[in-house]
Amino acid sequence: MSYCVTSNLALVGRGIAMLAGIVVLSSCATRNVADGRTGVDTALPTVPVMITADLVASQKIQRRRDGVQDIAPLTAPAAAYTIGAGDILAILVWGHPELSAATLNAQSPLISAAEQAAAAAAPQGFVVSEQGTIQFPFAANLAVAGLTELQARDLLARQLAPVINRPNVTLRVQAFRSQRIYVDGEVKAPGVQVINDIPMTLTEAINRAGGVTPTGDQSQLSIVRAGQRYRIDLPALVQHGEDPNRIMLRNGDVLRVQALDESKVFVSGEVVTPKALLMHSGRLSLNEAIGEAGGINPLTGDARRVFVVRRGQGPIELYQLDARDTGALAIAESFELAPRDLVFVDATGLANWHRTLSMMIPGSLTSAVSAGKQ
């Protein structure tokens, strides 16, 4: 017996219809079908891989290897905050209060009363222009973009030295507006978050956004930085002893929390209630999937033919479980499903015969049973 992929929507003999592309398992010759979008061979293997204790053990080792996430590029120590365009600086030259921004904005006799009121209501300080400069008395256009507070203070003091004897300058960022990250997806308050002088960690960003919603999948986080996407599995990260606070976010990063319904598992065939199931933080075993679907139909389901169809980045994988004894169910409890897996329970030969006969001769079986009772 062999298995193939076909686009036919009808079940022919024994089959599986898969929602994504419609994959059908049937007793027919094997065909190789190439996916035009990805170039991936979508042919099912001619022989399914049996789900055994050895297979579960090998997959567990592989998951441990895959679970070691390469977060090294995200854990570099955060550098000191550097001033950027849009930041507002508070500058005080001791002994010279006439040089402060508040005095210049609100007390100048050269502006009207309305302009003085508007200046008083505005944020007091020196705004860094798009060119990265500020206008300061006796310092002209002072380029401060890319400097730390201490570097900008020392630069300003050197510029004032020719006109002020040993200037004592205090400079700090009053409003942080130049550096920001973007939080999207399943968080309570998605949007822009401003980075200040306290380094922004992954957990800090999520907490500022109100936390992950009940529909969010903590195992499916992504950080996009300079065109590079990093996938983060928080539960696996903690399980492997990694501290999520080591992940530092930088200006321009995009953090997205994926929804749970993007990682569904489909249970079809001879189960009591075929349905699409949500994974629990990226985890769902084969036994849980069958249980949540009500179990194998005792009248029509063939416990020997429980299939798992998995389509990842490579060719389609096909697994089979013989669930006739309790030992197999224990193995199924350790067999972890992947997002978008299809679990299919085949029908018994008698159920298939009954359905085929009913399609060919509608009502024939009922008539035969009625005749036998007479």
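These numbers come from a predicted model, not from an experiment.

Caption draft 1: Spatial organisation of the nonpolar core. Grouped together as the largest cluster of nonpolar side chains are 24 residues, with contacts concentrated most on I51, L286, V308, L321, F335, L337 and V343. Secondary structure elements with two or more residues in this core: α1 (53-67), β14 (264-269), α7 (286-292), β16 (301-310), β17 (317-321), α8 (326-334) and β18 (342-347). No other element matches α7, which puts three residues into this core. Residues within four places of V308 in sequence aside, it is in contact with I51, L286, E317, L318, Y319, F335, L337, D341, L342 and V343.

Caption draft 2: View of the sheet that holds strand β6 (residues 169-175). Judged by pairing direction, the sheet is antiparallel, and its three strands sit side by side in the order β3-β2-β6 without closing on themselves. In this open sheet, the two strands that pair with only one neighbour each are β3 (126-127) and β6. With six bridges connecting them, strand β2 (residues 88-93) and β6 associate as antiparallel partners. Directly across from L92, in β6, lies its bridge partner T170. Across the sheet, helix α4 (residues 149-160) is in contact with β2 and β6; its angle to β6 comes to roughly 135°.

Caption draft 3: Region of the structure containing the pairing of β16. In terms of residue burial, β16 counts as a mostly covered element, since eight of its ten residues are buried. One ladder, built from five bridges, connects β16 with β18; its direction is antiparallel. Across the sheet, the residue bridging to V306 is V345, located in β18. Pairing between β16 and β17: five bridges, direction antiparallel. Paired with V309 across the two strands is L318, which belongs to β17. Two successive antiparallel strands, β16 and β17, enclose a turn made up of six residues.

Each value, and the rule that gives it
- Residues numbered from 1 in each chain as written.
- Predicted model: local features only at pLDDT ≥ 70, side-chain atom pairs only at ≥ 80, totals over all residues.
- Heavy atoms only, no water.
- Core = buried A, V, L, I, M, F, W, Y, C linked by side-chain atoms within 4.5 Å.
- Buried < 20%, exposed > 50% of the residue type's maximum accessible area, 1.4 Å probe, protein only.
- Helix = DSSP H or I, 4+ residues; strand = E, 2+ residues; numbered from the N terminus.
- Contact = heavy atoms within 4.5 Å.
- Pairing = 2+ DSSP bridges.
- Axes fitted to C-alpha atoms, helices over the stretch in contact; angles between N-to-C directions.

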